[in-house]
Every structure is written in C-alpha cells, then in structure tokens.
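# Geometric and topological summary
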Amino acid sequence: MTDTASPPAPSGEVYGDHVFSHLRPDEAERLEALAQALDENTFRRLGRLPLRADWHCLEIGAGLGTTARWLAARCSRGRVVATDIDTRLFPDPGSRNGWEAREHDVTRDEFPAGSFDLIHARWVFSHLRSRDADLTRVARWLKPGGWLVVEDLAQFPLGSSPNPLYRKVSLAMCAAVQARIGTDCTWARDLPRVLGAAGLTAVGTEASASSVGPTPMGRFWQLSAEQLRSDLQETFGITTTELERFLVEVRSGGLTDLCLGTVAAWGQAPPQLVAR
Ligand SMILES: C[S@@+](CC[C@H](N)C(=O)[O-])C[C@H]1O[C@@H](n2cnc3c(N)ncnc32)[C@H](O)[C@@H]1O
C-alpha cells in the first residue's frame, strides 16, 4: 500500500521528452550522481563474468558512458558499442578510450542476431512501456554463450522506510514517473523470470541499495524530485512545505535512509536461443 493516490493513466510521453531530457541544464549532474552511486556495484557484477579482451559488448542506454569506458578498458581487442536515444551527454570521441557511440532506440532499432558476447543495461528498461518485449528482442542479439546483465531500479526500500515524509514523497515520485512516462518502479523484482522467459540459462539475481543524505544518491534523488516538482504538487498532493522539507532532508546528514534499490539479474544465451 502506498501513501499516494492512484496515478492517472499513462500518457504518450516517453523518457527524455520532458522529464529527464538530456537538454535540461541539471541532467548531466543528475546522471553523474547516479553513476557515482551505482558504478562500484556494476563493475563488481560485470567483473565476475569471464570477460575476455576480444569480447564484443553492448551498453544500452549508456547515459554518460561510464560503464562503456570500464568495458572498453577490459575488452581492448574487441569492440564496445554504447547506445542511447540521446547521445549528447556522451564524452567527446577523443576521450572515449575506443568505445563507439550509437544513437539507437532500444524499443525500435535493431542489431543483427548473434552480435554480442555481453549486453548490459542499467536503469533503462523500467522506463520503457514495452520492456518485456524489448528485453526478449535484445536477448537475440547475444552470441551463443553470451551474457545479458540487466540492472534496474526497485522501489521496495522506499515503501518500507520508517520516515513518513521521506516515504510519502519518494513513493509519489515513483507514481509521478509512472503517470508521465510509464516507468514501472516494481518491475525489476521480476527480472529473473523475464530473463528466463527470454530463453536465457544460468539466470542469477542480487540486489543492492545506497543511502540518501550527503551522498551521490542523495544528490540524484534531490535533482529527480526537482524535475518532478510540478507533478508532485499538482497531481500527487505534495504541499510546498512537504517538498521543501524533503529536499533539504534528502541531502542532509540527519537522514540516513535507503533510496531506490537496484535489482541485478543475469543470464546466458544457450547454444540455440529460443524465447519461451
Ligand atoms: C536513468 S538513465 C541511466 C543511464 C545509465 N545507464 C546509468 O545507469 O548511469 C536512463 C538512460 O536510458 C536512456 N534511454 C531511455 N529510453 C531509451 C531508449 N528507448 N533507447 C535507448 N536508451 C534509452 C536515457 O536517455 C538515459 O540515458
């Protein structure tokens, strides 16, 4: 049960049309804070794979490209392609240590079947309305024996927060992104089943969460709330006083609480991939 009213039906708006647009002046800082909060766990998870220098890797919805940079340093004789619907926040080609940038909408654009040894995406598919079907298509881009690693945002640490104001505004943020762009903040919990249904084997999962407060995740959550300000106030009944208190608390040393979690799941393409 949440502290907020049911959201209105999803509009036709998608990620980046308005909220989270890469043209917003604070979006690079928001994505930088997210990368700082999540990169360590991502690199630890990817580092457990039998990575080889000649692997071909795909990073979907790469944001600022921090994971593509990490992969390119390890797959120096292979190929790393980083995609995004908007590549404007990627670093200049000269500072990319060899990874390739591709403007590519994962809900529409294709790669040939059997292209990659590793495909990774972080905090992307939850934002897509066609997420299950997209993930099934993406699995076909794996070579036989290739790995798909998906990490996505998970709401469960927020609903169990003992802080009523933090819980109320944070859950309203999840409802606001669902109403606006169709994000499902609960979907990632089901990722192992989705990967299995896409025909992958050796499926595994784990979760992590980091704290708000004077941390990168606190900065990310504050900047996200500021982008959603009018929806929170006009549609989800958050008062100006509540929002201002939340924005201060979420960055202060006085609030030690978990933010959105990350559910990671991985699976391997069998010799002949057949989606169930
Ligand atoms: C929350 S950000 C995460 C960025 C990065 N993966 C990270 O974790 O640091 C979501 C990213 O997915 C991209 N994105 C959203 N919809 C997409 C789509 N349909 N195809 C490709 N990328 C998409 C956004 O532009 C944005 O860069």
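Our subject is the structure listed above.
What comes next concerns the included structure. (Residues numbered from 1 in each chain as written. Predicted model: local features only at pLDDT ≥ 70, side-chain atom pairs only at ≥ 80, totals over all residues. Heavy atoms only, no water.)

## Details of the environment of Thr42
The cut-off we apply is this: Each helix is a run of DSSP H or I of at least 4 residues and each strand a run of E of at least 2, with the numbering of both proceeding from the N terminus. Relative accessibility decides the category of a residue: with a 1.4 Å probe and only protein chains considered, values under 20% of the type maximum give buried, values over 50% give exposed, and everything between is partly exposed. Whether two residues are in contact is decided by their heavy atoms: any pair within 4.5 Å suffices.
Secondary-structure assignment places Thr42 in helix H1 (residues 27-47). Classification of Thr42 by relative accessible area gives buried; the value is 1%. Ignoring anything within four residues of it in the chain, the contact list for Thr42 reads Thr67, His120, Arg122 and Glu151.

## Some points on unusual backbone geometry
Phi at Asn97 takes a positive value of approximately 35°, unusual for a residue other than glycine. One can find Asn97 in the loop between strand E2 (79-84) and strand E3 (100-103). Phi is positive for Trp123, close to 55°, though the residue is something other than glycine. Residue Trp123 is classed as buried on the basis of its relative accessible area, which comes to 7%.

## Quick notes on the pattern of salt bridges
Applied cut-off: The working definition used for a salt bridge is a side-chain nitrogen of Lys or Arg within 4 Å of a carboxyl oxygen of Asp or Glu.
On inspection of all chains with the given rule, the structure shows 21 salt bridges. Taking the shortest distance from any N to any O, the salt bridge between Glu151 and Arg45 comes out at 2.7 Å. Of this pair, Glu151 sits in strand E5 (residues 142-154) while Arg45 sits in helix H1, and the two are 106 residues apart along the sequence. Under the relative-accessibility criterion, Glu151 is labelled buried at 1%.

## Considering the site of the ligand
Quick note on the threshold: Being near a molecule or strand, for a residue, comes down to having at least one heavy atom within 4 Å of it. Identification of polar contacts relies on pairs of N or O atoms within 3.5 Å, with a donor-acceptor requirement for protein atoms, meaning one able to donate a hydrogen and the other able to accept it, and with residues adjacent in sequence counted only if both atoms are side-chain atoms. Computed with the Shrake-Rupley method and a 1.4 Å probe, the accessible areas treat only the protein chains shown as cover for residues.
For the ligand, the set of nearby residues contains 17 residues, the closest of which are Gly61, Asp84, Asp105, Val106 and Arg122. Side-chain polar atom of His22 to an oxygen atom of the ligand: 3.3 Å apart, as the coordinates give it. Between the ligand and the protein, one listed contact pairs a nitrogen atom with a backbone N or O atom of Ile85 at 3.4 Å. When the ligand is considered free in solution it has 600 Å² of accessible area, and contact with the protein chains removes 97% of it.

## What about helix H2 (residues 66-74)?
Residues of H2 that are buried include every one of Thr66, Thr67, Ala68, Trp70, Leu71 and Ala72, and no others. Considering only its buried residues, H2 is in contact with H1, strand E1 (56-60), E2 and strand E4 (116-122).

## Re the sheet that holds E5
Selection criterion: Two strands are counted as paired when DSSP detects at least two bridges linking them. To obtain an axis, a line is fitted to C-alpha atoms, over the contacting stretch when the element is a helix, and the angle between two such axes runs from 0 to 180 degrees between their N-to-C directions.
Here seven strands make up an open sheet; going across it, the order is E3-E2-E1-E4-E5-E7-E6 and the pairing mixed. Two strands close off the open sheet at either side, each with one partner strand: E3 and strand E6 (201-211). Averaged over all pairs of adjacent strands, the angle between strand axes in this sheet comes to 15°, irrespective of strand direction. With eight bridges connecting them, E5 and strand E7 (residues 258-268) associate as antiparallel partners. Bridge assignment links Ala154 to a residue of E7, and that residue is Gly261. Contacts between H1 and the sheet are confined to E4, E5, E6 and E7, with E4 contributing the most and set at about 150° to the helix. The sheet strands contacting helix H3 (residues 131-139) are E1, E4 and E5, and the helix crosses E5 at an angle near 150°.

## Structural notes on the pairing of E2
Both faces of the sheet carry side chains from a regular strand, because those side chains alternate between them. Counting buried positions along E2 yields five of six residues, so the element is predominantly enclosed. Inspection of the sheet shows E2 paired to E3 by four bridges, in the parallel sense. Across the sheet, the residue bridging to Ala82 is Ala101, located in E3.

## Remarks on the state of the cysteines
Here is the rule: Disulfide assignment relies on a single distance test, namely cysteine sulfur atoms paired within 2.5 Å.
Going through the model one piece at a time under the given rule, you end up with zero disulfides. Note on Cys57: no disulfide assigned, nearest cysteine sulfur contributed by Cys75 at a separation of 3.7 Å. Judged by relative accessible area, Cys75 falls into the buried class, the value being 3%.

Coordinates in, geometry out; function isn't part of it.
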